[in-house]
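If you want the building blocks of each chain, they are given just below.
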Amino acid sequence: MADNPKKKGRDRELVSEQGHEVAYLMRTAKVTRQRALEAIREAGPNREKVMAYLGKK
C-alpha cells in the first residue's frame, strides 16, 4: 500500500496475497479464495494479468 492513499502509482497496479487484497479479488471476480490465490501465483502480481487469468479459466 502506498504511503499516501491519494497518491496513484505502482501499488495500485499490483496485487498481493494479503487477506484484504485476496478478499477484494474474490468479490470482484466472484471466485473462491483458493482460485484467487492460484491466479496470483500463476499470473504474477500484476492486477491486469490476474484478472485476465481469471477470465480465461
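Residues numbered from 1 in each chain as written. Predicted model: local features only at pLDDT ≥ 70, side-chain atom pairs only at ≥ 80, totals over all residues. Heavy atoms only, no water.

### Digging into the nonpolar core
The test is simple: As used in this record, nonpolar core signifies buried Ala, Val, Leu, Ile, Met, Phe, Trp, Tyr and Cys residues forming a set joined through side-chain atoms within 4.5 Å. Think of it in three bands: with a 1.4 Å probe and only protein chains considered, a residue is buried below 20% of the maximum accessible area for its type, exposed above 50%, and partly exposed in between. Runs of H or I in DSSP of at least four residues are treated as helices and runs of E of at least two as strands, each being numbered from the N terminus.
One finds Val15, Val22, Leu25, Val31, Ala36, Leu37, Ala39, Ile40, Val50, Tyr53 and Leu54 forming the largest nonpolar core, which totals eleven residues. For this core, the secondary-structure elements that each account for two or more residues are α1 (19-29), α2 (33-43) and α3 (47-56). Sorting elements by how many residues they give to this core places α2 first, with four residues.

### Remarks on the pattern of salt bridges
Note that side chains of opposite charge can pair when their charged atoms are close. This is how it is decided: Any Lys or Arg side-chain nitrogen located within 4 Å of an Asp or Glu carboxyl oxygen qualifies as a salt bridge.
Evaluated as defined, the whole model comprises two salt bridges. A salt bridge links arginine 41 to glutamate 17, with the nearest nitrogen and oxygen atoms 3.3 Å apart. Within this pair, whereas arginine 41 is found in helix α2, its partner glutamate 17 is found in the segment before α1, the two being separated by 24 residues in sequence. With a closest N to O distance of 3.6 Å, glutamate 38 and arginine 35 form a salt bridge. Separated by three residues within a single helix, glutamate 38 and arginine 35 lie in helix α2, roughly one turn from each other. Given the relative accessible area of 17%, arginine 35 is considered buried.

### Quick look at the packing of α1 against α3
The following threshold applies: Working convention: axes come from line fits to C-alpha atoms, limited for helices to the stretch in contact. Angles between N-to-C directions cover 0 to 180 degrees. An angle below 35 degrees is read as roughly parallel, one above 145 as roughly antiparallel, one from 65 to 115 as roughly perpendicular, and any other as oblique. In this scheme the handedness of a crossing depends on how the near helix is turned from the far one: anticlockwise by less than a right angle means left-handed, clockwise means right-handed. When checking whether two residues touch, look at their non-hydrogen atoms; a contact exists if any pair is within 4.5 Å. Classes in brief: Ala, Val, Leu, Ile, Met, Phe, Trp, Tyr, Cys and Pro nonpolar; Asp, Glu, Lys and Arg charged; the others, Gly included, polar.
Where α1 contacts α3, the two axes come as close as 11 Å, and the packing angle between them is 45 degrees. Taken together, the axes of α1 and α3 lie oblique to each other. Considering the relative orientation of α1 and α3, their crossing is right-handed. Between α1 and α3, the contacting residues are Glu21, Tyr24, Leu25, Thr28 and Ala29 on the first element and Arg47, Val50, Met51 and Leu54 on the second. Among the residues forming the contact of α1 with α3, the class breakdown is six nonpolar, one polar and two charged.

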